[in-house]
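Fold and contact review
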Amino acid sequence: MKNVIIIGGGIIGLCSAYYLAKEGAKVTVIDKSDMLDGCSYGNAGMIVPSHIIPMAQPGVIHQGIKWMFNAKSPFYIKPALSIDLLAWLIQFYKNSNQEHVNKSMIPLRNLSFFSKELYQDFARSINEFGYQEKGLLMLYKTEKVGEEEMKIGKIAEKMGIEVGFLDQREVKKLEKDINVDALGAVHYKSDAHLSPNHFMAFLKAELHEMGVEMISNCSIVNFKVSEGKIEKLLTNHGNFKADEFVIAAGSWSVEIAKKLGVKLHILSGKGYSFNVENLLSKPTFPAILCEGKVAVTPLGEAVRFGGTLEITNNKDTKINIKRLQGIVEKVNQFYPDLKVDLPETKKVWHGFRPCTPTGMPIIEKSKKIQNLTIAAGHAMMGLSLAPASGKLVSELLMGKKTSIDITEFKSS
Ligand SMILES: Cc1cc2nc3c(=O)[nH]c(=O)nc-3n(C[C@H](O)[C@H](O)[C@H](O)COP(=O)(O)OP(=O)(O)OC[C@H]3O[C@@H](n4cnc5c(N)ncnc54)[C@H](O)[C@@H]3O)c2cc1C
């Protein structure tokens, strides 16, 4: 029986553990936190085959620079004298072109659809996590943004994604219960959503039943490597031996890989979310408010609002009030009846999206360390892509042919 240690118990680590255990491996997940509130919990819960264009794309740098000068905008890069930041920015710049987009779209679409199929399998057996296939509305207020969104929608449509182009009246027909102040929407009908907190709880319960050991509050001290293989993992909970190791530690993967002399380019993209309950009327469709990049997700009795991407380090846990105001203002502009108040900072969740400079996740066997696999860098799509990434990790480790081509999911 293969003995596997997974470092990181976010959604990527847990999905990897799930499919490995299903293949008969003995799996241990190690996490330095209490595994209750990381990036995989408070996110917007959207499953997005619609997102076929990676973050590194033409025009993104121009838009990013404009946003940098607006304190309430959804994007910011925290200036720092850091070689890692500089190296990441150079790579991001090099990848922000049409050629990169063209070669990324099909792999991303295939990974997304594979992941959605696996979510459907989970939901078929027991849907304790509010999985729903209502699609995603990209709501816009201005003609300019509408044109951009429709252009992307048409590309997606050509790639086999089910898309609806809605005018103001059609949006109103769909969202009957609430006044939506938008010019129109692109409706990605293939998208889905769920409650991330409930899905994580479901995964942990499944893993527990399958005999996967999950060790929380366990910090990695170092590795003992001999002849290009990890022999031992040294932690504050003692030493661990295994046949195979997986780094799935989100934006912390960089520092763990560094201990093994493996270079990863991943920076933290901090984002916020908060839930609002007891609303008299509320949106029933997940939406992105395009002009502010705000995510809106109905989660049972509550609605979760989320947004901002601040490129920073993962010690920067401060909640930026101006950016929070930016989210609240956009929500009230698009849904004027909601009248959402600025939440108290203690009620605001933050998480660090693990962002690569290509906008593509990394799912690969290390070239340097024989018994190391990396599954990280899923940025704003980690929940969406987790089951597929976990399944691919299990296939890589069990020496099986991968279900889809993973050539583009490599570290740069
Ligand atoms: C506001 C917001 C909204 C989002 N909305 C969506 C969405 O709608 N759909 C979507 O697909 N994605 C969304 N995302 C992105 C998604 O949440 C992430 O991509 C995903 O959670 C990343 O999962 P992960 O397992 O790679 O990392 P994480 O969830 O960060 O897990 C990494 C784990 O590694 C552990 N760790 C760190 N260092 C160590 C160490 N030294 N030793 C052991 N363990 C360690 C951490 O404690 C953590 O538990 C959103 C993110 C944000 C911030």
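This is a predicted model, so every value here is computed, not measured.

What follows covers the overall build of the protein. Across its full length, the protein carries 10 helices and 20 strands. Projecting the C-alpha coordinates of the protein onto the three principal axes gives extents of approximately 65 × 50 × 45 Å. Buried positions account for 56% of the 412 residues belonging to the protein. For the protein, the computed accessible surface area is about 18100 Å², with 53% contributed by carbon and sulfur atoms. Averaged over its 51 positive side-chain charges, the protein has a centre that lies 5 Å from the centre of its 43 negative ones.

Next up on the list: the pairing of strand S19 (residues 362-365). The pairing of S19 with strand S20 (residues 372-376) spans four bridges and is antiparallel. Within the sheet, the bridge partner assigned to isoleucine 363 lies in S20 and is alanine 375.

Further remarks concern helix H3 (residues 83-95). Relative to the 18 Å expected for 13 residues at 1.5 Å per residue, H3 spans 18 Å between its end C-alpha atoms, a close match to the ideal helical length. Within the span of H3, buried status applies to Leu85, Trp88, Phe92 and Asn95. With its buried residues spanning 95° around the axis, H3 presents them on a single face. Among the exposed residues of H3, those pointing more than 90 degrees away from its buried face are Ile83, Leu86, Tyr93 and Lys94.

With antiparallel pairing, three strands are arranged side by side in an open sheet as S10-S11-S12. Two strands close off the open sheet at either side, each with one partner strand: strand S10 (220-226) and strand S12 (238-240). Mean inter-strand twist for the sheet, computed between neighbouring axes without regard to direction, equals 25°. As paired elements, S10 and strand S11 (residues 229-235) share six bridges and run antiparallel to each other.

For strand S17 (residues 302-312), the tally of buried residues reaches 11 of 11 residues, placing the bulk of the element in the interior. For strand S4 (residues 75-77) and S17, the ladder comprises three bridges, and the chain directions are parallel. When the bridges of S17 are listed, tyrosine 76 appears paired with glutamate 310. Of the pairings in the sheet, the one linking strand S14 (residues 267-276) to S17 comprises eight bridges and is antiparallel in character. When the bridges of S17 are listed, serine 268 appears paired with threonine 312. Here five bridges tie strand S16 (residues 294-299) to S17, and the two strands are oriented antiparallel to one another. Counterpart to proline 298 in the pairing with S17 is valine 303. In sequence, S16 turns back onto S17 through a hairpin of two residues, with glycine 300 there showing a positive phi of about 60°.

What follows is about the site of the ligand. With respect to spatial proximity, 34 residues lie near the ligand, and among them Asp31, Ser40, Met46, Ala379 and Ser384 are the closest. The contact in question runs from an oxygen atom of the ligand to an N or O atom on the backbone of isoleucine 12, over 3.1 Å. If the ligand stood free it would expose 1000 Å²; the protein chains cover 95% of that surface. Of all the elements in the fold, those that place two or more residues in the shell around the ligand are helix H1 (11-22), S14, strand S18 (349-355) and helix H10 (382-397). For the shell around the ligand, the element with the highest residue contribution is S18, accounting for four residues. Within the shell around the ligand, the residues separate by chemical class into 19 nonpolar, 12 polar and three charged.

Here we come to the packing of H1 against helix H7 (residues 196-209). In contact at an axis separation of 10 Å, H1 and H7 are set at 35° when each is read in the N-to-C sense. The way H1 lies across H7 gives a crossing that is left-handed. Counted together, Ile11, Leu14, Cys15, Ala17 and Tyr18 of H1 and Phe199, Met200, Leu203, Lys204, Glu206 and Leu207 of H7 form the full contact between these two elements.

The strand order S9-S2-S1-S13-S20-S19 describes an open sheet built from six strands, whose pairing is mixed. The open sheet has two edge strands with one neighbour each: strand S9 (213-215) and S19. Each neighbouring strand pair of the sheet contributes to a mean axis angle of 15°, computed without reference to strand direction.

Let's shift gears to the packing of aromatic side chains. According to the stated counting rule, one finds 13 aromatic pairs in the structure shown. Relative to tyrosine 131, the ring of tyrosine 119 lies with its centre 6.4 Å away and its plane at 20°, an arrangement referred to as stacked. Placement of the pair is tyrosine 119 in helix H4 (residues 98-125) and tyrosine 131 in the loop between H4 and strand S5 (136-140), with a sequence separation of 12 residues. The pair tyrosine 119 / tyrosine 131 is uniform in exposure class, with both members buried. Following the ring pairs from residue to residue traces out a cluster consisting of Tyr18, Tyr19, Tyr119, Phe122, Phe129, Tyr131, Phe199 and Phe202. The ring of phenylalanine 285 has lysine 134 sitting right over it, with the charged end atom 4.6 Å from the ring centre. If you follow lysine 154 out to its NZ or CZ, it ends over the ring of phenylalanine 165, 5.5 Å from the centre.

Analysis parameters
- Residues numbered from 1 in each chain as written.
- Predicted model: local features only at pLDDT ≥ 70, side-chain atom pairs only at ≥ 80, totals over all residues.
- Heavy atoms only, no water.
- Helix = DSSP H or I, 4+ residues; strand = E, 2+ residues; numbered from the N terminus.
- Buried < 20%, exposed > 50% of the residue type's maximum accessible area, 1.4 Å probe, protein only.
- Areas by Shrake-Rupley, 256 points an atom, 1.4 Å probe, with all protein chains shown as cover.
- Lys, Arg positive; Asp, Glu negative; His and termini not counted.
- Charge placed at Lys NZ, Arg CZ, Asp CG, Glu CD.
- Pairing = 2+ DSSP bridges.
- Expected span 1.5 Å × (residues − 1).
- Arc of directions from axis to C-beta.
- Axes fitted to C-alpha atoms, helices over the stretch in contact; angles between N-to-C directions.
- Near = heavy atom within 4 Å.
- Polar contact = N/O pair within 3.5 Å; in protein donor to acceptor, adjacent residues only side chain to side chain.
- Nonpolar A, V, L, I, M, F, W, Y, C, P; charged D, E, K, R; others polar.
- Left-handed = near helix turned anticlockwise from the far one by under 90°.
- Contact = heavy atoms within 4.5 Å.
- Phe/Tyr/Trp six-rings, centres within 6.5 Å; stacked < 30°, edge-to-face > 60°.
- Lys NZ or Arg CZ within 6 Å of the ring centre and 35° of its normal.

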